[in-house]
Each structure stands twice: as C-alpha cells, then as structure tokens.
Amino acid sequence: MGVYQAVYRLALRRLPPEAAHAAGFWLIRFAAAVPFGAWVLRRFLAPRDPALRVRALGLDFPGPLGLAAGFDKDGHGVAGLAALGFGFVEVGTVTARPQPGNAKPRMFRFAAERALVNRMGFNNAGAAALAARLRAVRGPRPVVGVNIGKTKVVPGDGAVADYVTSARLVADVADYVVVNVSSPNTPGLRDLQAADKLRPLLLAVRAALDEASPRRRVPLLVKIAPDLADADIDAVADLALDLGLDGIIATNTTISRDGLRDSAAVADAGPGGMSGAPLRGRALEVLRRLHARTGDRLVLIAAGGISSADDARERLAAGATLLQAYTAFIYEGPLWPHRVQTELAGRLRDDPDAATAHSGCGPG
Ligand SMILES: Cc1cc2nc3c(=O)[nH]c(=O)nc-3n(C[C@H](O)[C@H](O)[C@H](O)COP(=O)(O)O)c2cc1C
C-alpha cells in the first residue's frame, strides 16, 4: 500500500461514512475550483488514451468508466469528478420534489469486504435545482447522465406523473436520462420494474423527453436491481427492445447480505442496499443474461462491485459498453479512476478479445 492510500484510509476510518463522503467531495470540488485546478487535474488524470474511447448513445466518452449515480446527487461537482479520470458522471437520483432522505445514520461501511450498505432514500434538492446547476456549469463539461426517481411522498398511482415532471425538467441538460426503478430505499419503487408497470412509465418518460427536447433526442435507459428473478430480467430486456430504449444499467444495490461476515454489524446497520465487492458476481450474471438476450442492440452499462481493471475488462468482455462504480471509489480514493482507466487501456491493447467486445458498443 502506498503512502497516499495509507493516509487516505486512515482519514476515511476516522470519520463517519457520510461525513467522509461530504469532506472528500468538498475537497474534489475545491481542487477543481481553484485557478487552473481543474485544468491540472484533467491534464494529469483524465483519460486520454485512444484505446479507451467509446462512442455510444450518440456521445463520445473519453473512457468507459464513469461514476455511478448517488455520489453527486445534485450535480455539484461534475467537472472535478470527470477531471479525476471518470469518463462520464451520472448525477442523481433526483426527484420531482426536493426531499431530505432517510434519518441518519444511513450509510454503513463493511471495510473488510469492501462493501457499503446504504438507505439514503434519495436525499436531493429536486430536479429543477439540478437542472439550474448543470446549466450554470462553465468550462468543458463532461458527459453527464441524469438519474431520476420517484418522490417518496407521492403515492404509487402518481409515480408516472412524478417521473414525467423530472424528465421535463432535466431534458435539456442531460446527455442521457436514466429511469431508476431499482433503489431498495423508496417503498414500492422496485415494484415498478414489473413489465406491466414499467411499460407505461417508460413510454410516458420517452414522450416527455421528446416534447421537452424536440431538437435533440435524449437517450433513455432504465436501471435495474440485481435481485430480479431471471425471468424478470428477460422481461425488462424484451420491453427495452420493444420500446426502443437506448440501454440498461445493471445493476443497482442488492437487498442481499451475502458475503458480509459480521452478522452483528449487518443487524446493526439495518435495511438498505448493499454495494461493492460482494455484489460483483450477481451483477456480472445479470449483465451476461441481458447481453445474451439483447446482443448489441442495447447499450449495457455495467455497475456493481467493479474495483479493478480486471473487473472492468471482464464486464466489457461480458457485453458492457460502459462501466460505472461508486463503492470502490470510496475505498480506494480520488486517484482510483485514473489508475483503473490507465491499467484498462493496457489490458485492452494486450487482449484483442476484450478490445473487440469493447468496440462493439451498441447503437452509436
Ligand atoms: C451511498 C450510495 C448511494 C447511492 N445512491 C444511488 C442513487 O441515488 N441512485 C441510483 O440509481 N443508485 C444509487 N446507488 C447505487 C450505485 O449507483 C451503484 O449502482 C451500486 O452502488 C453498485 O455499484 P458499486 O458496487 O460500484 O457501488 C448508490 C450507492 C451508494 C453506495
């Protein structure tokens, strides 16, 4: 372990998880805001190896590894995060109305297993505030996806209208939009993954995006849970193809606790979604199933337990066009995205199979 990692881990352990997140994120934004800060970070850390470039969703990504939703819910730091080496940043989940999320503590570390359990509950300042902030970004803007979810107090029968409100608000600032129906922390949300509920929801969001952004077709994706039964994964894949969706993000966090050894700590943490290394196997399985079903007709974005260049390469070989991570970034620190993308570039050059899967990146 290098000095940088030792210091980072020591600092991380001393703060409660949500405070560590806030402090780390503040530092990233500060570094990017000082004169030439973002330029220096970009110069040394942003992906620039041509082997990493991806063309997908009608967009150019400098590298396939992006930051998963939930880290920058309100779009405060997209420039700084991309400057650290992420090829794109997904902001949100935002909801139509601002909401505080669940009571704290709501994020728990399982450091031995490189996992987190969270029940944040979509704490966010609302879709309108996010849109205003993204509109105000100055300087080079990275590819930014916007992930939308349901406002907690809105009852189930108002879900479609709630998502539609968010979609309208973010249409002109989002490079792509993700309908999140897979967080375990909003009661009833994951029921929207059932095809009979998902179809009208996605149709309505598609129509709202087209109406709000008539000149540019905003790519639309859906993000699914790893806890879906195989038949339900197939049903979502078929529906996505049927509706002409652009892609699927697999996966969100899991309600399973498999792989966490400290059962007392698991009980103390309580309900929520688990992310990180223990999710890796199931997330890979879901990706493989989706790819077998859809081939290259959809852009598949792999998330869940990606923590190394080998993991990244494995997901690309399994059919992913793009990748996302959150938990490994928390454990490994701000230099991690640069390290993974750099190592991945080497792997893609050395391994023609991975490079082939990688360049076959679905609808351009
Ligand atoms: C603290 C925390 C908050 C999250 N919030 C969101 C969210 O708001 N929306 C969402 O779609 N996913 C959210 N996620 C899920 C991640 O985007 C990602 O799908 C999941 O953590 C698996 O990737 P990982 O193992 O690399 O963390 C969150 C994850 C964590 C750890």
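Everything numeric here is computed off the predicted structure, so don't read it as measured data.

Moving on: the overall build of the protein. The helix and strand inventory of the protein stands at 14 helices and 13 strands. A globule of 364 residues ought to have a C-alpha radius of gyration of about 21 Å, and the protein, at 19 Å, matches this closely. Counting only C-alpha atoms and orienting by the principal axes, one finds that the protein spans roughly 55 × 45 × 40 Å. Residue burial in the protein is summarised as follows: out of 364 residues, 56% are buried. By sequence separation, contacts in the protein at least 24 residues apart represent 73% of the contacts at least 6 residues apart. Per element, the accessible surface of the protein, about 14700 Å² overall, is 58% carbon and sulfur. A gap of 7 Å separates the mean positions of the 44 positive and 35 negative side-chain charges of the protein.

Residues Gly-273 and Ser-275 of strand β11 (residues 273-276) are buried on one face, and the alternating residues Met-274 and Gly-276, pointing to the opposite face, are buried as well. Relative to β11, strand β6 (residues 115-118) runs antiparallel, the two being bridged by four bridges. The partner of Ala-115 across the bridge, within β11, is Gly-276.

Bringing the site of the ligand into the picture now. The local shell around the ligand holds 23 residues, among which Ala-69, Lys-73, Thr-93, Gly-305 and Thr-327 are the closest. Interatomic distance of 3.1 Å between a side-chain N/O atom of Asn-180 and an oxygen atom of the ligand. Between the ligand and Gly-305 there is a distance of 2.8 Å, counted from an oxygen atom to a backbone nitrogen or oxygen. Burial of the ligand by the surrounding chains reaches 98%, relative to a free accessible area of 610 Å². Contributing elements (two or more residues each) for the shell around the ligand: β6 and β11. Of the residues that constitute the shell around the ligand, the class distribution is eight nonpolar, 13 polar and two charged.

With that settled, consider helix α8 (residues 230-243). With 14 residues, α8 ought to run about 20 Å at 1.5 Å a step, and its terminal C-alpha atoms sit 20 Å apart, in line with that. Where α8 is buried, its residues meet α7 (195-212), β9 (220-224), β10 (247-250) and α10 (280-294). In the segment just after α8, Gly-244 is the residue with positive phi, at about 70 degrees.

Once that is clear, we can look at the packing of α10 against helix α11 (residues 309-317). Where α10 meets α11, the axes come as close as 10 Å, and the angle between the chain directions of the two elements is 20 degrees. With respect to α11, the axis of α10 lies roughly parallel. Remark: the crossing between α10 and α11 carries right-handed chirality. Along its contact with α10, which presents Arg-280, Ala-283, Leu-284, Leu-287 and Arg-288, the element α11 presents Asp-311, Glu-314 and Arg-315. Of the residues assigned to the contact of α10 with α11, the class counts are three nonpolar, no polar and five charged.

Here we come to the sheet that holds strand β5 (residues 107-110). In a beta sheet, neighbouring strands pair by backbone hydrogen bonds and run either parallel or antiparallel. The three strands lie next to each other as β5-β6-β11, forming an open sheet whose pairing is antiparallel. Lying at the two open borders of the sheet, with one neighbouring strand each, are β5 and β11. Direction aside, the axes of adjacent strands within the sheet are offset by 25 degrees on average.

Attention shifts here to the packing of aromatic side chains. Each pair of aromatic rings is reported with the distance of its centres and the angle of its planes. Inspection of every chain in the model, using the stated rule, returns six aromatic pairs. With a centroid separation of 5.1 Å and an interplanar angle of 65 degrees, the aromatic rings of Phe-25 and Phe-71 are classed as edge-to-face. A residue pair is termed long-range when its members are at least 10 positions apart, and Phe-25 in helix α2 (residues 17-33) and Phe-71 in the loop between β3 (65-67) and α4 (78-83) qualify at 46 residues. The pair Phe-25 / Phe-71 is uniform in exposure class, with both members buried. Between Phe-71 and Phe-329, the ring centres sit 5.3 Å apart and the planes meet at 55 degrees, which makes this aromatic pair tilted. Here the residue Phe-71 occupies a position in the loop between β3 and α4, and Phe-329 occupies one in helix α12 (residues 327-332), the gap between them amounting to 258 residues. Its relative accessible area of 4% is what places Phe-329 among the buried residues.

Once that is clear, we can look at the pattern of salt bridges. Under the defined criterion, the tally for this structure stands at 23 salt bridges. Here Asp-242 and Arg-199 are joined by a salt bridge, their closest N and O atoms 2.7 Å apart. Note that Asp-242 is positioned in helix α8 and Arg-199 in helix α7, a separation of 43 residues in sequence. The partner of Glu-285 in a salt bridge is Arg-282, with the nearest N and O atoms 2.7 Å apart. Separated by three residues within a single helix, Glu-285 and Arg-282 lie in helix α10, roughly one turn from each other. Taking relative accessible area as the criterion, Glu-285 reaches 47% and is therefore assigned partly exposed. The network of salt bridges with shared partners includes Asp-230, Asp-234, Asp-238, Arg-282, Glu-285, Arg-289 and Arg-293.

Definitions and cut-offs
Residues numbered from 1 in each chain as written. Predicted model: local features only at pLDDT ≥ 70, side-chain atom pairs only at ≥ 80, totals over all residues. Heavy atoms only, no water. Helix = DSSP H or I, 4+ residues; strand = E, 2+ residues; numbered from the N terminus. Rg over C-alpha atoms; globule rule 2.2 N^0.38 Å. Buried < 20%, exposed > 50% of the residue type's maximum accessible area, 1.4 Å probe, protein only. Contact = heavy atoms within 4.5 Å. Areas by Shrake-Rupley, 256 points an atom, 1.4 Å probe, with all protein chains shown as cover. Lys, Arg positive; Asp, Glu negative; His and termini not counted. Charge placed at Lys NZ, Arg CZ, Asp CG, Glu CD. Pairing = 2+ DSSP bridges. Near = heavy atom within 4 Å. Polar contact = N/O pair within 3.5 Å; in protein donor to acceptor, adjacent residues only side chain to side chain. Nonpolar A, V, L, I, M, F, W, Y, C, P; charged D, E, K, R; others polar. Expected span 1.5 Å × (residues − 1). Axes fitted to C-alpha atoms, helices over the stretch in contact; angles between N-to-C directions. Parallel < 35°, antiparallel > 145°, perpendicular 65-115°, else oblique. Left-handed = near helix turned anticlockwise from the far one by under 90°. Phe/Tyr/Trp six-rings, centres within 6.5 Å; stacked < 30°, edge-to-face > 60°. Salt bridge = Lys/Arg side-chain N within 4 Å of Asp/Glu carboxyl O.

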